[in-house]
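Residue-level structure breakdown
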Amino acid sequence: MVSAAAKYDLVIHMKLKANIGLLVFLLAVAAFAANEPTIIPQPQKMVVKDGVFELTPKTKITYAGGEAEAKLLAEKLCESTGFKLPVAPISSLPGQCEILLLLKPDKLETLGNEGYELSVTQKFATITAPTTAGLFYGAQTLLQLLPPEIFATNKVSGVKWEIPCVEITDSPRFPWRGLMLDVSRHFFTKQEVEKLLAVMALHKLNVFHWHLVDDGGWRIEIKKYPKLTSVGAWRDGVGFGLDTNSTTAYGPDGRYGGFYTQDDIREVVAYAAARHITIVPEIEMPGHALAALAAYPEFGTGFGPFCVPLKGGVNRGIYSPANEQTFQFLDDVLTEVAQLFPGKYIHIGGDEVPKAPWKNDAACQSLMKREGLKNEEELQSWFICRVEKMVNAKGKTLLGWSEILQGGLAQNATVMDWIGGGYEAASRGHDVVMSPKTHCYLDFYQSRNRAAEPHAIGGFLPLQTVNAFEPIPAKLAPEFHQHILGAQGNIWTEYIANMKHLEYMAFPRLAALAEVTWSPKETRNYDDFLRRLKTHEQRLDQLGVNYRKFTLGDGTDATPVKPEAKPKTKSISSQ
Ligand code: ACM
């Protein structure tokens, strides 16, 4: 018989044991979490094993396929470690510790176009993939398994370059993982664009949508129409109410602007291709054409003087569909654009076209009668369908913003949804890229406390909302899911005049979006993203990339505070 006191002792003892057990368990979880790799975007499957692979000056990089990827990896490793690792085809460098890149096309069925396997043991770090893109992404993961200092742009000493032993199988959820940059409202140099591309690649993003043309400036050299850049690339001042010192993009005559020569474009396209990023050029039409029409007013209708900031904020400069020469001009421009960009898509804009100029123009009205077009929306659709034929004739696919659905969607067009239309287009069998204002506009405020942030265009897009984004519209029937190609973040630059400011708006939100587009939906976990973000911030520090530090708070917890009365000059300094 057990006494009551003994029973009590037993219960206490059991409770104590359970508590110690719980404590041990929690400590083990904490230790595991501390050692758990911090890869962004989170890989599909990862098993962490005991032991490490140590990178030393004796490590060799060998490849069977993927020579360019192996060399790029060696270059990156050399910057921070100072190790000049030999790179050679497999078997010509028998060695003790090797990083291997193995191209295995027969893995296509299991890993897909961009997937890879990464196996790290104490002696070998082996990346296997069916494509060179997969090898490249495997190498990006390998870099993130190393200490954050690996991303330093100069040699660092005193770091143990260890990679934990892991088995990773990974492939992206979506084929379109994008970022759009508006270089029209504010100009960013070729070097700045390349820096952005390098950071995109680290996040396994693969589409750079280059918004080259808008009311604020024409940024791409077109040989047949030199005034597009000699006139259209420049304006009197930085505009948008910003300080003159918020930017350094001034020409020798003190005017604001700049453009890319065709050689610049070829260089950037090659730089992106080496990082498995496709560039989608955007040539805005029929609206947002003020810069083009400042140079060639004969192709426009109903526009005012070329001025910055735009008078009244309305983009009145639109192309005239009633002038046949407008189409010749656009065809010539698109011919040069198609030759410069090897990708599948040309983005023709199509958004926010004010219809009043066409309504008030006799030639446009008689064209509508002749073609049996009931309203200006149908005229817009007629315009875009003509442009689609040109684009298709150059072997490209037309991509346009939500509004290209107005008045009837062009036959083969792909839609970029910013204000809806994605569901409708995908259910009709069109491909769609999701880029809704609600989740993807990286020019919006990151905190409710606007007063603590640089002036932004408006809106509110905290990190948590980006993390919660689901690109597939809820109502979309499963058989149409494959038409949702993926998603992209958009950086409009009305109030973003320099690189430091641009990076602050992009990061860490773009890292969250990379995870939305790459990682399986089931593994999405905001707390775990924040855990990994701590290390990721150190990577960005090493890369010299500015970002909104998480110690500033989540943005959702802030009390709403409006900025002060004269807010627009409150930008991040260009210095
Ligand atoms: C857009 O934001 N006007 C596409």
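So, a few notes on the structure that sits alongside this text.

Basis of the calculations
- Residues numbered from 1 in each chain as written.
- Predicted model: local features only at pLDDT ≥ 70, side-chain atom pairs only at ≥ 80, totals over all residues.
- Heavy atoms only, no water.
- Pairing = 2+ DSSP bridges.
- Helix = DSSP H or I, 4+ residues; strand = E, 2+ residues; numbered from the N terminus.
- Axes fitted to C-alpha atoms, helices over the stretch in contact; angles between N-to-C directions.
- Contact = heavy atoms within 4.5 Å.
- Salt bridge = Lys/Arg side-chain N within 4 Å of Asp/Glu carboxyl O.
- Buried < 20%, exposed > 50% of the residue type's maximum accessible area, 1.4 Å probe, protein only.

**So, the sheet that holds strand β7 (residues 162–170)**
Whenever strands of a sheet pair, they do so through backbone hydrogen bonds, lying parallel or antiparallel. Overall, mixed pairing links the 7 strands, which are arranged β1-β7-β5-β6-β4-β2-β3 in an open sheet. Every other strand in the sheet has two partners, leaving β1 (45–54) and β3 (87–89) as the edge strands with one partner each. Strand-to-strand twist of the sheet, defined as the mean angle between neighbouring strand axes without regard to direction, takes the value 20 degrees. Strand direction decides the pairing type here: strand β2 (residues 60–64) and strand β4 (residues 98–103), joined by 5 bridges, are parallel. Bridging across to β4, K60 finds its partner in E98. Sitting on the sheet, helix α4 (residues 132–145) touches β4, β5 (116–120), β6 (124–129) and β7, and the angle it makes with β5 is about 40 degrees.

**A closer look at the pattern of salt bridges**
Counted according to the given criterion, the structure contains 25 salt bridges. The partner of E267 in a salt bridge is K190, with the nearest N and O atoms 3.0 Å apart. With E267 in helix α7 (residues 262–274) and K190 in helix α5 (residues 190–202), the pair connects residues that are 77 residues apart, well separated along the chain. One salt bridge in this structure joins E376 and K359, with 3.8 Å as the shortest N-O distance.

**Let's talk about the sheet that holds strand β18 (residues 397–401)**
Read around the closed barrel, 8 strands run β8-β9-β14-β17-β18-β19-β20-β21, paired in parallel fashion. The sheet shows a mean angle of 30 degrees between the axes of neighbouring strands, taken without regard to direction. Alignment of strand β9 (residues 207–211) against strand β14 (residues 278–285), held across 5 bridges, turns out to be parallel. Bridge pairing links F208 to I279 in β14.

**Some words on unusual backbone geometry**
That bond from I40 to P41 is cis: its omega, 0 degrees, falls within 30 degrees of zero. Tracing the chain through its elements places P41 in the loop between α1 (4–35) and β1. Not every positive phi belongs to a glycine, and F240 is a case in point at roughly 55 degrees. Turning to its location among the elements, F240 is positioned in the loop between β12 (234–235) and β13 (256–257). Take F240: its relative accessible area is 11%, and that puts it in the buried class. Notably, H276 is not glycine yet its phi reads approximately 60 degrees, a positive angle. Mapped onto the elements of the fold, H276 is located in the loop between α7 and β14.

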